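# Observations on the three-dimensional arrangement
Listed below, chain by chain, are the residues.
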Amino acid sequence: MEPRVSSRFEVVDGHTLAGYQDSGSYRGYDGIKAALAMSPDAVTGMVKDATVLGRGGAGFPAGVKWGFCPPGVWPRYIVVNGDESEPGTYKDRVLMERDPHQLIEGCLIAAYAIGAAQVFLYVRGEMPHAQERIAAALNEAYAANLVGRNILGTDFSVDIILTWGAGAYIVGEETALIESLEGNRGMPRLKPPYFPAAKGLYMQPTIVNNVETLSNLPWLFCHGVDEYRSIGTETSPGTRLVALSGHLNSPGVYEIPQGSTTYRELFESEQYGNGIRGGRQLKMFIPGGASAPWFFPEQVDLPLEGRDVGAAGSMLGSGAIVVMDDTTDAVKACLRVVRFFARESCGKCTPCREGTTWEEKILQRILDGHGRPSDLDLLLDVADNISPGPYPVAADPSQGLDAVPFPPRQTTICPLGPSSVAPITSALRRFRSEFEAKITRRNSIAVSTEAFTAPADESVDELVGEAAGAEPLSGTGGRFDV
Amino acid sequence: MSDRRLEGRRVEITDPVTITVNGREVTAQKGELVIDACERNDAYIPRFCYHPRMEPVGMCRMCLVEIDTGRGPALQPSCMIPVGADMTVTTDSPAVAKVQDGIIEYLLINHPLDCPVCDKGGECPLQDQSMAYGPGESRWVEEKRHYEKPIELSATVLMDRERCILCDRCTRFASEVTDDPLIHFIDRGANTQVNTFPGEPFNSYFSGNTVQICPVGALTARPYRFKARPWDLETTESTCTACSVGCRMTIDSSRDQVLRFNGVDSDPVNWSWLCDKGRFSFEAVASEDRLTEPLMRSGSGAGSTLAPARWNVALDAAAAAIRGALDSRGPAGVAVLGGSNLTNESAYAWARLAKGVIGTDQVDAQLGDGLPAEVFDLPGATIDDVCAPGGTVLYLGPDPKEELPVLFLRLKHAVLNDGVTLVQVTPTGTSLSRYAAASLHPRPGETAALVAALLGGAAGSDVGGVPAAQLAAAADALAGGFSELRVVVGRANLAESPAVALAAAAAAFEARPTARFLPVVRRGNTRGAVLAGLTPGRFPGGVTLDDGRDQWGSVWPAVPEQAGGDADAILAAAADGKIDVLILLGADPLVDARDRSLARRAVAATRTVIALDRFATESTAQAAIVLPVAGIAECDGTTTNLEGRVSTLNARVTAPGTARADWMVAADLAELLGCTALADDGPAELWAELQANVAALAGLDAAALYTADDADGLVVDLDAGTFVAPAPPAVPAPNAYSSRLVVNRVLYDGGSTVAHMPSSASLVRDGAVVLGPDDVATLDVQAGTRLTVSSPHGSVSGPLVVSAHVPKGTVLIHHALSVDPSPLVSAADPVCDVRVEVA
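Since the structure is predicted, the reported quantities are computational estimates derived from the model, not experimental observations.

### Quick notes on the overall build of chain A
Along its length, chain A carries 19 helices and eight strands. The C-alpha radius of gyration computed for chain A amounts to 22 Å, which stays within 12% of the reference 23 Å derived for 482 residues, consistent with globular compactness. Oriented by its inertia axes, the alpha-carbon framework of chain A measures out at about 75 × 55 × 40 Å. Burial status across chain A gives 60% buried among its 482 residues. Pairs at least 24 residues apart make up 70% of the contacts formed inside chain A by residues separated by at least 6 positions.

Structure, rendered in structure tokens:
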């Protein structure tokens, strides 16, 4: 498979305007030229026909979303969600650092389609390198009349405003991002009554798109719908980026055909993960970012297809796959994820603010050897008050338990609180004995304590080798650290 | 006390939809929130963050109920969901109960169980709803959150953060209702807390409301903190008379001591809010400085002192002084000043004594600091009329935030939320400047000319120092409104003659005869006092002496033969030695009169000054007889707010010492003066007599006023008067004195109420000479430089404060602060020309 959005990841000057136009899977800024030759409605139609799915997590078709803007209401805004903070997810960061012009061109196409004169590009606060690269690329693009007034001599004008966050995971939620952009505290808005497409930024129609979603557009407009759909499945065409991390020999960001690749291929293929480290056994993996319920060895043959993964009790999410081998302590892993959500809860709604902290404290207590047998049911009930009813979870054939399909219900405003329940229900259903052992025996179960050294990252070595003559790659950027 | 009024808008069903609530079909107004519709239909949904006077945020999640709109029941926050046809709401299902248990448990895990020492314990929504909807016990075994206890958000409001349940009510109130966004959430997750910005206290004029709406004991007010337990409080509804807005409130007392005022939701008036001055003015009620017994002057001249006396001795002396004045000078030798803080009944009792027994018309409830009585003859508008959605308002009053704080909240809400276009014509910028469609600042004295130009088709030239272009833009903004014009008319500049403000109203009335007017005055019951007859040249109800002579001659033993003068004229007459007895009804002319030197001469030249007051003032110190009187929370009766809305005042405690209601003093004096028929009357009889004889009060009998549901009061007939425009004052052209003086009021001034509110005393700011940036640049001075302001009558000096609100050529000095503008002002001048120099 030829890389599409990742085609310039390993091109040293791929982030410059010259590099963007001289390398990769298409010639830079030809996509917007093609789009400008069409009517805005035709551009939206093409995105709809290609079924460009949102890559932020929900997997909603971008073209359909664009159509939700109420007709005749102006101004409209595009907000680019570059606040990628889900643990395990780092694909947008690579896109922003290594191919910022691709994103800018995607913004232009989207702005042209929905008729926005302003695009707000919101980059996560902890990604200074991405911010610098995008800022430099914007300067180049403005200078080359690719952004700004009368782009390429047409009457299409658009400004792209670069903003960065102050370090809050919740701002990745689209309404919290909008609040943050408006200068308010980043807390989600309730939907309903208003959805951003109708009333978003400054209460105007606003389309919030993920970085990867928009980065797909230039290739699409250079190559056309048919070629876009030639890879992947009918319902999930094209390619998508996945970020592999955890106990794999070759973690990293990979572009894969959407919908058809299975988790087993990702983990075992030399092209991707290249096997579990040290030849160990897979214990569990998170199939779609820290918010996703866990999968276990029985689910490795599932394809990365939204509907299949959802039916199996988890979600594809943002394409972050975290692999844990049999050295992993399930209780510690569970606490690690829950703690993240407790620390990142914005504090707006009660169940998330109080519930996630409570979960964290119970888990910490169990790990500290102060657990009580009643704590496991308490934990599940505390979780149930955040996400009532059966929580999505994978099937467990050994216990004869069926999967509970996605999505969860929630008593909260946004999905952050319910996300904290995912590791609890997943781990507790599958590894209850590990929890009980910590409570009754007051110590950890016998997991391997064998010393383990991470393997050398060969892809990095290769990259360094290639780039050695041109530009040394520093630790602050130039390569996508895992 | 009814809960309905503490929280609750009135809902009129104009667009009914049928929804099912717990299996019962009920009718709701389309678009109203599910939580409201359910509450009105006996399915109360517990809540913490929802407040009917603020935008819902759906944060506490306590109001989650199952709502089925055809796709199956789903848990939804009922405070965010508008009702729609065929909606099915279940508020009592097991799923809802589970969520309620869960939320209460969550809220309590970090909430300290210090209810026994918490002010809120006993009236705490968290406590009450934990009992009603909670699981009964907690499974929490971890350590709770701790914070420093308590922190000061402002001088009056304290915060115990660990009690806070982060409902966003106070923070929303600060940003949404008052636009003082000085408190906000900081930090994240379970460590989220409400706090001020560093070094920026929550100095809002409305901060006390956050204490009232806090659903837990996190916010407490210093004046009430640890003073009482809610179950020991006795509560009575009454009306605040700290200013003329007349906010409905409750008086809470314990052991005959007033301990708290709280706002009551009166839909047409205050929407449950109170300003801090009104809210905490209860401190003055129980002040140790109250006068508790009559005082009489013993000795004469410089060595004389005021000594306690018995009531009968003091009253005999007062009656003797009045008889002496009648004998030597006739009725005009007796004058009555003040009365605008009395109840309607006391005001009427004094009007009857002065005009109907003594026969003098030398009576004025105001001290030249309000509006002439003629403004009440203009076709009236209520606050709701002024704030009606989509309307157009011409604002000619003082800064409402400083003088009538809750009216400011209503006007701001009208502009921001209800599409009201507001154009202000004021001598300086006000707190409405940021909301106004246009703000014009004419030279003092020239408001009428500017209003005439503005409404009568812009003249195309500069008027009153306002450039023609600005005038045209403002005229466009006013023309944009399709509805009839509403004019708020008030006294924006105390250095001008009251006739200047009246001339501006007259100009608006002439240009737009269909306009309706809301006259704003600061003192609590000015409108009621004028209505009751405490104004020269008029009988109660506003009838002139000539027109009403026959009617009132049959009600009263006597009627005045000759017309008297207003406060300025009375003081001038007194200064000339023509007044033998001057009666001050809670008035302190030595401090509050526009021309204080005139007041000093008047008091010095008057043989007998009789002062009725709650506190010792500069004027009582000069009086021959001082009579202690009862005030708010101590007397029954009614009051009339600026709209003409009559509402009830209720006594909750007994007045200190032997202090009596003002009407009792009037009745006793009437009896001593030989008019026994009036002696046994009480407030009910006084109101009945007034109401029966005043056409504008038709229908406002006691039965109507004292119904169970009287929070909103009743409005007098606003079309009863016939406005006759008086001759406008001759305003001199600007002269060698380069600037004109504006004197305005601030909320926390050196007045006697604030002086006896210990918690708020620190909020009184220092006086200053306030100039605009243009004049500051011309003078080439820095803020803080001492400046001297001189007029033909005198000079004062004070430090410079620079404010963009002050236009070029205008000097602003606040009334009753440490820089006293009165030496500059003469009652004889319609405007006050001044010069500013570096001291």
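Further notes follow.
### Some details on the sheet that holds strand 6 (residues 252-257) of chain A
All names here are of chain A. The strand order across the open sheet built from four strands is 6-5-8-7, with neighbouring strands paired in mixed fashion. Each edge of the open sheet is held by one strand with a lone partner, namely strand 6 and strand 7 (282-286). Going across the sheet, the axis of each strand differs from the next one's by a mean of 30°, ignoring polarity. Where strand 7 meets strand 8 (residues 320-325), four bridges bridge the pair, whose relative direction is antiparallel. Paired with Phe285 across the two strands is Val323, which belongs to strand 8.

### Thoughts on the packing of aromatic side chains
On inspection of all chains with the given rule, the structure shows 30 aromatic pairs over all chains. Between Tyr254(A) and Tyr272(A) the ring centres are 5.7 Å apart and the planes differ by 70°, which places this aromatic pair in the edge-to-face class. Of this pair, Tyr254(A) sits in strand 6 while Tyr272(A) sits in the loop between helix 12 (263-268) and strand 7, and the two are 18 residues apart along the sequence. Look at Tyr272(A) and you get buried, because its relative accessible area is 7%. Where Tyr205(B) meets Tyr748(B), the ring centres are 5.8 Å apart and the plane angle is 75°; that geometry is what we call edge-to-face. Of this pair, Tyr205(B) sits in the loop between strand 9 (193-196) and helix 6 (208-213) while Tyr748(B) sits in the loop between strand 29 (739-744) and helix 26 (752-755), and the two are 543 residues apart along the sequence. Each member of the pair Tyr205(B) and Tyr748(B) is classed as buried. Aromatic ring contacts, followed pair by pair, group Tyr263(A), Phe267(A), Phe285(A) and Phe295(A) into a single cluster. Seen from the ring of Tyr26(A), Arg8(A) lies directly overhead, with NZ or CZ sitting 4.6 Å from the centre.

### Some points on the interface of chain A and chain B
Each side of the interface is counted separately: chain A has 36 residues, and chain B has 35 residues. Area buried by chain A at its contact with chain B is led by Arg185(A), Glu354(A) and Trp358(A), which between them contribute 23% of it. For the pair chain A and chain B, the number of links is six salt bridges. Arg139(B) is the salt-bridge partner of Asp381(A), the closest N and O atoms lying 2.8 Å from each other. Put simply, chain A and chain B have 18 residue pairs in polar contact (both at pLDDT 80 or more) between them. At the level of elements, helix 14 (330-344), helix 15 (350-367) and helix 16 (375-386) of chain A are the ones that each hand at least two residues to the side of chain A that touches chain B. Examining the composition of the side of chain A that touches chain B, we find that 10 residues originate from one element, helix 15 of chain A, more than from any other.

### Observations regarding the confidence of the model for chain A
Caution is warranted with low-pLDDT regions, since their predicted coordinates should not be read in detail. All names here are of chain A. Within chain A, residue pLDDT values average 89, and 91% of them lie at 70 or more. Confidence drops under pLDDT 50 across residues 444-449; counting only partners more than four residues distant or on other chains, this segment forms nine contacts. Ignoring residues within four places in sequence, the model shows residues 451-482, a span with pLDDT below 50, making 32 contacts including any to other chains.

### Points about the domain arrangement of chain A
Residues and elements named next belong to chain A. Splitting chain A by domain gives domain 1 (17-228), domain 2 (239-325), domain 3 (330-437) and domain 4 (444-481). The straight-line distance from the C-alpha centre of domain 1 to that of domain 2 is 27 Å. The partner domain 2 presents 18 residues to the 15 residues of domain 1 that form the contact. When domain 1 packs against domain 2, close to 1200 Å² is buried across both sides, 52% of that on carbon and sulfur atoms. Where domain 1 packs against domain 2, one counts zero salt bridges. At the junction of domain 1 with domain 2, the criterion picks out eight residue pairs in polar contact (both at pLDDT 80 or more). Here the side of domain 1 that touches domain 2 takes three residues from helix 5 (residues 91-98), the largest share from any one element.

### Let's talk about the sheet that holds strand 2 (residues 118-123) of chain A
Residues and elements named next belong to chain A. Taken together, the four strands give an open sheet; going across it, the order is 3-2-1-4, and neighbouring strands pair in parallel fashion. Bordering the open sheet on either side are strand 3 (159-164) and strand 4 (206-210), each of which pairs with just one other strand. In this sheet, neighbouring strand axes are inclined to one another by 20° on average, regardless of whether the strands run parallel or antiparallel.

### Comments concerning the side chain of Glu360(A)
Residue and element names in this part refer to chain A. Its location among the elements puts Glu360 in helix 15. Overall, Glu360 belongs to the buried group, its relative accessible area being 11%. Contacts of Glu360, omitting those with residues within four sequence positions, involve Leu335, Val338, Arg339, Ala342 and Arg343.

Rules used in this analysis
Residues numbered from 1 in each chain as written. Chains lettered and ligands numbered in written order. Predicted model: local features only at pLDDT ≥ 70, side-chain atom pairs only at ≥ 80, totals over all residues. Heavy atoms only, no water. Helix = DSSP H or I, 4+ residues; strand = E, 2+ residues; numbered from the N terminus. Rg over C-alpha atoms; globule rule 2.2 N^0.38 Å. Buried < 20%, exposed > 50% of the residue type's maximum accessible area, 1.4 Å probe, protein only. Contact = heavy atoms within 4.5 Å. Pairing = 2+ DSSP bridges. Axes fitted to C-alpha atoms, helices over the stretch in contact; angles between N-to-C directions. Phe/Tyr/Trp six-rings, centres within 6.5 Å; stacked < 30°, edge-to-face > 60°. Lys NZ or Arg CZ within 6 Å of the ring centre and 35° of its normal. Buried area = accessible area lost by both parts, 1.4 Å probe. Salt bridge = Lys/Arg side-chain N within 4 Å of Asp/Glu carboxyl O. Polar contact = N/O pair within 3.5 Å; in protein donor to acceptor, adjacent residues only side chain to side chain. pLDDT = per-residue confidence, 0-100. Domains from an automatic or database assignment.

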